[in-house]
Amino acid sequence: MTVNRPRGTRDFLPTDTARRRYVESVMRNVVRNWGYSEIVTPTFEHLDLFTLKSGEGIIGELYNFTDKGGRELTLRPELTAPVMRMYVNELQPFPKPLKLFYFENCFRYERPQKGRFREFWQFGVELIGSGRPDSDAEVIALADAMLKAAGIQGDMKLGNLAVIRTLLKGLEPEIISKVMRLVDKKEYAGLEALLEEIGAEEKLKSDIFRLIHLEGKYTLPQAKEIVGNIPELVSFEKTLKLLDAYGVNYSLDFGIARGLDYYTGMVFEVYAEGLGAQKQVCGGGSYQLIKLFGGGDVPSTGFGIGFDRIMEICPLVPPALKNLVLVSKPETHLEAAKLATTLRNYLPVHIDLMERNFKAQLTYANSIKADYVVIVGEKELEAGKLTLRDMASGEQEFLTLEEVIEKIS
């Protein structure tokens, strides 16, 4: 019987894995250089951690289950809620701001398609304890730096939810949530129908549609014309000036809503070409979640990068590692094993594990594209030397171990 991998999952072959690990390491180097520390949370959490954050409707998208103790659990569908839970459980006494990052797999039970899988990897950042323009700007600039380091040319869009929420002030919370979701999905016909249904004034309808169609780098004055110079826009303007200082390319889009009630102010999304419909590679903003999980009124800013999506278009290739094959005969095999231990301090080394003959070992070296072959024969051992063959040039040299090490290093 053949057992296939589950739908929506992937096997990563050695070449794929090497490339993913390399890109991951490039991005890790960036985020560490910005002063962020890595955290790891459990692969499964209590189900209510996510229903508290996203509502009962999310259950249909989860790999949830009841364990042997009768507890309702789920594989994590995302990582922001687990980090907020960790903060409430473990990190409240730590100095602020807390600058954290993670790189983990997540699980969602949804229809697999290009760029969307049931098991996927997310690279994310959370800055906890500051709601100032400086923290918003740093998080956005960090996302930009990480994507650039991975060779991704993205189109960054910034918005601010405080602006549209100022217009919606006075409406029922449920209506505001519906409006935000429709704006997020750009379902403008549905939005118009909802505003008609609730009897919204013509000015309100006009202002909402004017606002959500404001796009371009220099549309902040037009937003101010619609809602006035509210404090949130003054703060947002400071964020934009800091982004200019960081050298981040962006445009404003006041139609970004992100559709979730816990986002409070600045929001941003990054889109990249070559991914079809699923072209968003990064999204985030400022939010309030900690209070929901039993902590204080602590502001946070963060983002998530869809690692699988960027791997679809990432141009980075890991630098090739040179490797070496030790070729020996049965009577010199033990000595070859000793030499392998020494040479592995300098590069990857293969030694015969199949009891192949001399010729077959050389054929194997060719098949794995070895850079070097070191022949460990009786003649070599008697002379206290080794035969080093450069597989690219075919050149052979009779060298001491120290000379071999110098050559391959």
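Residues numbered from 1 in each chain as written. Predicted model: local features only at pLDDT ≥ 70, side-chain atom pairs only at ≥ 80, totals over all residues. Heavy atoms only, no water.

You'll find the protein chain entered in an unreviewed UniProt entry as Histidine--tRNA ligase, with Methanosarcina lacustris Z-7289 given as the organism. The Catalytic activity (unreviewed entry) field of the UniProt record for the protein chain holds the comment "tRNA(His) + L-histidine + ATP = L-histidyl-tRNA(His) + AMP + diphosphate + H(+)". (UniProt positions renumbered as here; feature names shortened; annotations may be inferred.)

Before going further, it helps to examine the overall build of the protein chain. Across its full length, the protein chain carries 15 helices and 17 strands. For 409 residues, the compact-globule estimate of 2.2 N^0.38 gives 22 Å, and the C-alpha radius of gyration of the protein chain, at 28 Å, exceeds that figure by more than 25%. Principal axes of the C-alpha set define a box for the protein chain whose edges measure 95 × 55 × 45 Å. Buried residues in the protein chain amount to 48% of all 409 residues. Contacts in the protein chain between residues far apart in sequence, at least 24 positions, make up 66% of those at least 6 positions apart. For the protein chain, the exposed surface amounts to about 20,900 Å²; the carbon and sulfur share of it is 51%. (Helix = DSSP H or I, 4+ residues; strand = E, 2+ residues; numbered from the N terminus. Rg over C-alpha atoms; globule rule 2.2 N^0.38 Å. Buried < 20%, exposed > 50% of the residue type's maximum accessible area, 1.4 Å probe, protein only. Contact = heavy atoms within 4.5 Å. Areas by Shrake-Rupley, 256 points an atom, 1.4 Å probe, with all protein chains shown as cover.)

Glancing now at the packing of helix α4 (residues 133-149) against helix α10 (residues 231-246). Orientation of α4 relative to α10, taken along the N-to-C sense of each, is 40°, at an axis distance of 8 Å. When the interaxial angle is binned, α4 and α10 end up oblique. When the axes of α4 and α10 are compared, the crossing they make is right-handed. Packed against α4, whose contacting residues are Pro133, Asp134, Asp136, Ala137, Glu138, Ile140 and Ala141, the element α10 presents Ser235, Lys238, Thr239, Leu242, Leu243 and Tyr246 at the interface. Class assignment of the residues belonging to the contact of α4 with α10 gives a composition of seven nonpolar, two polar and four charged. (Axes fitted to C-alpha atoms, helices over the stretch in contact; angles between N-to-C directions. Parallel < 35°, antiparallel > 145°, perpendicular 65-115°, else oblique. Left-handed = near helix turned anticlockwise from the far one by under 90°. Nonpolar A, V, L, I, M, F, W, Y, C, P; charged D, E, K, R; others polar.)

This brings us to the side chain of Ser286. Take Ser286: it is sitting in strand β11 (residues 280-287). Judged by relative accessible area, Ser286 falls into the buried class, the value being 8%. There is a polar contact of 3.3 Å between the side chain of Ser286 and the backbone nitrogen of Gly265. In contact with Ser286, not counting residues within four places along its chain, are Asp136, Tyr262, Tyr263, Thr264, Gly265, Met266, Ser300 and Thr301. (Polar contact = N/O pair within 3.5 Å; in protein donor to acceptor, adjacent residues only side chain to side chain.)

On the basis of which strands lie adjacent, the open sheet formed by five strands has the order β14-β13-β15-β16-β17 and mixed pairing. Among the strands making up the open sheet, the edge pair consists of β14 (349-351) and β17 (396-399). In this sheet, neighbouring strand axes are inclined to one another by 25° on average, regardless of whether the strands run parallel or antiparallel. Two elements, strand β13 (residues 324-328) and β14, share three bridges in a ladder whose sense is parallel. Note that in β14 the partner of Leu324 across the bridge is Val349. Most of the contacts of helix α12 (residues 333-343) go to β13, to which it runs at about 160°, and overall it touches β13, β14, β15 (372-376) and β16 (386-390). Contacting β13, β14, β15 and β16, helix α13 (residues 358-367) crosses the sheet at an angle of about 175° to β13. (Pairing = 2+ DSSP bridges.)

With that out of the way, let us pick up the packing of aromatic side chains. Taken as a whole, this structure holds 11 aromatic pairs when the rule is applied. Taken together, a centroid distance of 6.4 Å and an interplanar angle of 75° make the contact between Phe236 and Phe254 edge-to-face. A residue pair is termed long-range when its members are at least 10 positions apart, and Phe236 in helix α10 and Phe254 in the loop between β9 (251-253) and β10 (263-271) qualify at 18 residues. Residue Phe236 shares its accessibility class with Phe254, and that shared class is buried. The rings of Phe101, Phe103, Phe123 and Phe307 are connected pair by pair, giving a single aromatic cluster. Sitting over the face of the ring of Phe117, Arg10 holds its NZ or CZ atom 3.6 Å from the ring centroid. Over the ring of Tyr109 we find Arg118; its NZ or CZ atom is 4.2 Å from the centre of that ring. (Phe/Tyr/Trp six-rings, centres within 6.5 Å; stacked < 30°, edge-to-face > 60°. Lys NZ or Arg CZ within 6 Å of the ring centre and 35° of its normal.)

So, about helix α15 (residues 401-408). One turn of an α-helix holds 3.6 residues; hence residues three or four places apart share an orientation. Of the positions making up α15, those classed as buried are Val404, Ile405 and Ile408. Viewed along the axis of α15, the buried residues span an arc of 100°, placing them on a single side of the element. The exposed residues of α15 that point more than 90 degrees off its buried face are Glu402 and Glu406. (Arc of directions from axis to C-beta.)

Before going further, it helps to spend a moment on the nonpolar core. In this structure, Leu158, Phe254, Phe268 and Phe303 are the most contacted members of the largest nonpolar core, which totals 99 residues. A per-element tally of this core places α4 first, with eight residues. Not counting residues within four places of it along the chain, the set of residues in contact with Phe303 comprises Tyr102, Phe123, Gly124, Val125, Val139, Leu142, Ala143, Met146, Phe268, Cys282, Gly283 and Gly284. By size, the runner-up hydrophobic cluster in this structure holds 18 residues, among which are Ala336, Leu339, Leu386 and Ile405. (Core = buried A, V, L, I, M, F, W, Y, C linked by side-chain atoms within 4.5 Å.)

With that settled, consider the layout of surface pockets. Counted as a void, the second largest pocket has a volume near 230 Å³. Around the second largest pocket, the lining comprises 18 residues; the ones closest to its centre are Gly131, Asp136, Gly265, Met266 and Ser286. Those elements giving two or more residues to the lining of the second largest pocket turn out to be α10, β10, β11 and β12 (300-306). In terms of residue count, the dominant contributor to the lining of the second largest pocket is α10 (four residues). (1 Å grid on protein atoms, 1.4 Å probe; cavity = no way out; pocket = protein on both sides within 12 Å on 5 of 7 lines; lining within 4 Å. Points joined across faces, edges and corners; volume = space filled by probe spheres on them.)

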